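Okay, here's what each chain looks like letter by letter:
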Amino acid sequence: MGTTGRIHYLIFFSHISDDHLSSDDSDDEGFLQEMSPRDKKVESLVSMGFREDEAKMVITRCGQDADISVLVESICRSVAAGASYYERDANSKEAGLDYCGSSVRRKRTKFMEKKKINGKRFGGGARESGGSIDGRHEESMPLPNPMAGFNLPGDRMSMDRLLPKEAIGRSFFYYENVALAPKGVWATISSFLYDIQPEFVDSKFFCAATRKRGYIHNLPTANRSPLIPLPPKTIHDAFPCTKQWWPSWDTRRHFNCIQTCTASSALTERIRAALANCEDPPSPEVQKYVFEQCKKWNLVWVGRYRVAPLEPEEIEFLLGFPKDHTRGISRTERYKSLGNSFQVHTVAYHLSVLREMFPDGMNVLSLFSGIGGAEIALHKLGIHMKTVVSVEISKVNRTILKAWWDQTQSGTLIEIADVKDITDDWLESTMRKIGGFDLVIGGSPCNNFTGSNRYHRDGLAGEHSFLFYHFPRILGCVKSVMQRMQS
Ligand code: SAH
């Protein structure tokens, strides 16, 4: 669009909202009265600057009764999810960047501003102060302390929470990511998932490792039950052999969050040398240095002056995976896959409510499956998985999941590599074949939320984290196909 066109568009846009359907501009009204309700909506969206085919598609997906604000939000979501295509396609880079970035954002922002001025709630979907598509949301979401979620095993809780109408019903969904994301990320994620409040939980309440995660889901929260037995909740209970070497000044009871990489042998040797060459007990400075390194790298005491990183099978145990689940791949890959995975007991506690609802088993769409934390949680709960469509880009992870599946399951596993390849048509035909999905579950990559390198901490707009947008895109499609299948 040239400069003049852009200015014209902005002036024009600033005068419209969905309210113009009932404006007293008699010319418009007369014209619109002759149109079907569907055409009126198309007309409104086109007048806001969206393309006609986009407008028609979103009305088909959301239904012609959907409020105009819901339609706008839905187009923005789809476009945000598809941004990767445009942004990475060298041939359409220019057009794509403008279309997916500034243009749609501008349309939505203008729309939101207008809605705010009119004092209306934004369609019951996203909150009025709204999430921005690029993750630079104004609001930051307060993290609870302690991070105990809506309830923990043993808590008494009879009431369930109220969910927005659009979020209820088939399919169930469950989304996970790191709790300590940059400012505004959780508010944005929530605004794309029916405005549901995240459930922030630290896995230290379920095992001996701290793992602070946020979960947005539409599952009931009352009458949950934990996997029995729960794993040991302190380092000493989990690894009693380390007790004899553990110095009193190392006061850790839990491991830090399990990372995707591990300490070098140079570091453990530096620690050994520092301790061997000082008095006993070590000076406060040496204690502080060693304690901080042990905490940072999750080192355990394995001998006099000797610390070592956790072995991959010890991490499997802490995170609730079967022994040797990741065995057979390189150590580096094992640490990476485990570092990214779910803590199985935590997730299983939330999913436990599904057991009674699906006594004959369920169909699951597992996005960003990794090494199968979700599948293992369901299996440990005794929930039969009739069909799992698992979407995971890493071949190594797919191989691990397939090997476990073949050994333990009788259902069907369909493995797909890339979420970007999941189209609406493919979803619909697959769902019709298998009878729909009962659960959509996944935690998208968090590479751009964590880490000390500020350059990469660019929130949802980051190279990996933008994949989040595929979750609401795919969930939206699954929900509308489920609706069509039920009607
Ligand atoms: N919950 C999983 C791990 C999720 S980590 C578990 O329990 O193991 C995020 C996962 O997304 C990683 O395994 C990563 O390989 C995968 N991933 C990254 N890009 C992807 C893409 N484009 N499509 C599908 N999966 C992707």
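Keep in mind the model is a prediction, meaning the values are calculated, not measured. (Residues numbered from 1 in each chain as written. Predicted model: local features only at pLDDT ≥ 70, side-chain atom pairs only at ≥ 80, totals over all residues. Heavy atoms only, no water.)

A few words now on the pattern of salt bridges. Counted according to the given criterion, the structure contains 15 salt bridges. For D324, the salt bridge goes to K323, with nearest N and O atoms at 3.7 Å. A cluster of three or more residues bridged by salt bridges with shared partners is formed by E313, E316 and R334. (Salt bridge = Lys/Arg side-chain N within 4 Å of Asp/Glu carboxyl O.)

Glancing now at the state of the cysteines. Applying the stated criterion to the full structure yields 0 disulfides. With no disulfide partner, C257 has as its closest neighbouring cysteine sulfur the one in C446, 8.4 Å distant. (Disulfide = S-S within 2.5 Å.)

Okay, the site of the ligand next. What surrounds the ligand is a group of 19 residues, the closest being F342, I371, E392, D418 and V419. Separating an oxygen atom of the ligand from a backbone N or O atom of I371 is a distance of 3.0 Å. Within the backbone of V419, a nitrogen or oxygen atom sits 3.0 Å from a nitrogen atom of the ligand. Against a free-state accessible area of 570 Å², the protein chains account for coverage of 90% of the ligand. (Near = heavy atom within 4 Å. Polar contact = N/O pair within 3.5 Å; in protein donor to acceptor, adjacent residues only side chain to side chain. Areas by Shrake-Rupley, 256 points an atom, 1.4 Å probe, with all protein chains shown as cover.)

So, on to the nonpolar core. Core analysis: the biggest nonpolar cluster contains 65 residues, and L351, L354, L378 and L439 have the highest contact counts within it. Here this core takes 5 residues from helix α13 (residues 344–351), the largest share from any one element. The residue makeup of this core includes at least three contributed by each of domain 2 (125–230 + 343–486) and domain 3 (235–319). With residues near it in sequence (within four places) discarded, L351 still touches Y174, L219, A377, L378, L381, I383, L439 and I441. Ranked by size, the runner-up nonpolar core spans 41 residues in total, among them M141, I196, Y469 and V478. (Core = buried A, V, L, I, M, F, W, Y, C linked by side-chain atoms within 4.5 Å. Buried < 20%, exposed > 50% of the residue type's maximum accessible area, 1.4 Å probe, protein only. Helix = DSSP H or I, 4+ residues; strand = E, 2+ residues; numbered from the N terminus. Domains from an automatic or database assignment. Contact = heavy atoms within 4.5 Å.)

To continue, consider the packing of aromatic side chains. Evaluated as defined, the whole model comprises 15 aromatic pairs. Pairing F172 with F358 gives two aromatic rings, centres 6.4 Å apart and planes at 85°, and the pair type is edge-to-face. Taken together, the positions of F172 in strand β1 (residues 172–178) and F358 in the loop between α14 (354–357) and β6 (362–367) put the pair 186 residues apart, joining distant regions of the chain. Of the two residues, F172 and F358, both sit in the buried class. One aromatic cluster is present, built from ring pairs that chain together Y175, W186, F192, F200, F468, Y469 and F471. Above the plane of the ring of Y194 lies K479, whose end atom (NZ or CZ) is 5.8 Å from the centre. (Phe/Tyr/Trp six-rings, centres within 6.5 Å; stacked < 30°, edge-to-face > 60°. Lys NZ or Arg CZ within 6 Å of the ring centre and 35° of its normal.)

Spatial strand order, β2-β3-β1-β9-β6-β7-β8: 7 strands in an open sheet with mixed pairing. Of all strands in the sheet, those with a lone pairing partner are β2 (199–202) and β8 (412–416), marking the two edges. On average, each strand axis in the sheet is inclined to that of its neighbour by 20°, with strand direction left out of account. By the bridge criterion, 5 bridges tie β1 to strand β3 (residues 212–217) in an arrangement that is antiparallel. Within β3, the residue paired with N177 across the bridge is G214. This element, helix α15 (residues 373–380), spans β6, β7 (385–391) and β9 (439–442) of the sheet and lies at about 165° to β7. Across the sheet, helix α18 (residues 470–486) is in contact with β1, β6 and β9; its angle to β9 comes to roughly 175°. (Pairing = 2+ DSSP bridges. Axes fitted to C-alpha atoms, helices over the stretch in contact; angles between N-to-C directions.)

Quick look at the packing of α15 against helix α16 (residues 395–408) now. Interhelical geometry of α15 versus α16 gives an angle of 20° and a closest axis separation of 11 Å. By the angle between their directions, the pair α15 and α16 is classed as roughly parallel. In terms of crossing hand, the pair formed by α15 and α16 is left-handed. Between α15, through E375, I376 and H379, and α16, the contact on the second element is made entirely by L401, W404 and T408. (Parallel < 35°, antiparallel > 145°, perpendicular 65-115°, else oblique. Left-handed = near helix turned anticlockwise from the far one by under 90°.)

Considering the arrangement of structural elements, one finds K479 in helix α18. With no salt bridge to any partner, buried K479 finds its closest opposite charge in E166, at an N-O distance of 9.0 Å. Side-chain polar atoms of K479 contact the backbone oxygen of G169, separated by 3.4 Å. Setting aside residues up to four positions removed in sequence, K479 forms contacts with E166, A167, I168, G169, R170, S171, Y194 and N218. (Lys, Arg positive; Asp, Glu negative; His and termini not counted.)

In this section: empty space enclosed by the protein. With a probe scaled to a water molecule rolled over the atoms, the places where space remains empty come into view. Here the structure, examined in full by the defined rule, presents 1 cavity of 30 Å³ or more. Taken together, I258, Q259, C261, T262, K296, W297, N298, P309, L310, I315 and Y335 make up the full set of residues lining the largest cavity. In terms of residue class, the lining of the largest cavity is made up of 7 nonpolar, 3 polar and 1 charged. (1 Å grid on protein atoms, 1.4 Å probe; cavity = no way out; pocket = protein on both sides within 12 Å on 5 of 7 lines; lining within 4 Å. Points joined across faces, edges and corners; volume = space filled by probe spheres on them. Nonpolar A, V, L, I, M, F, W, Y, C, P; charged D, E, K, R; others polar.)

We now examine the confidence of the model for the protein. For the protein, per-residue confidence averages 80 on the pLDDT scale, and residues scoring 70 or more make up 74% of the total. Between residues 80–105, whose pLDDT stays under 50, and residues either more than four places distant or in other chains, the model counts 33 contacts. A low-confidence stretch, residues 111–138 stays under pLDDT 50, and its non-local contacts, those more than four residues away or across chains, total 82 contacts. (pLDDT = per-residue confidence, 0-100.)

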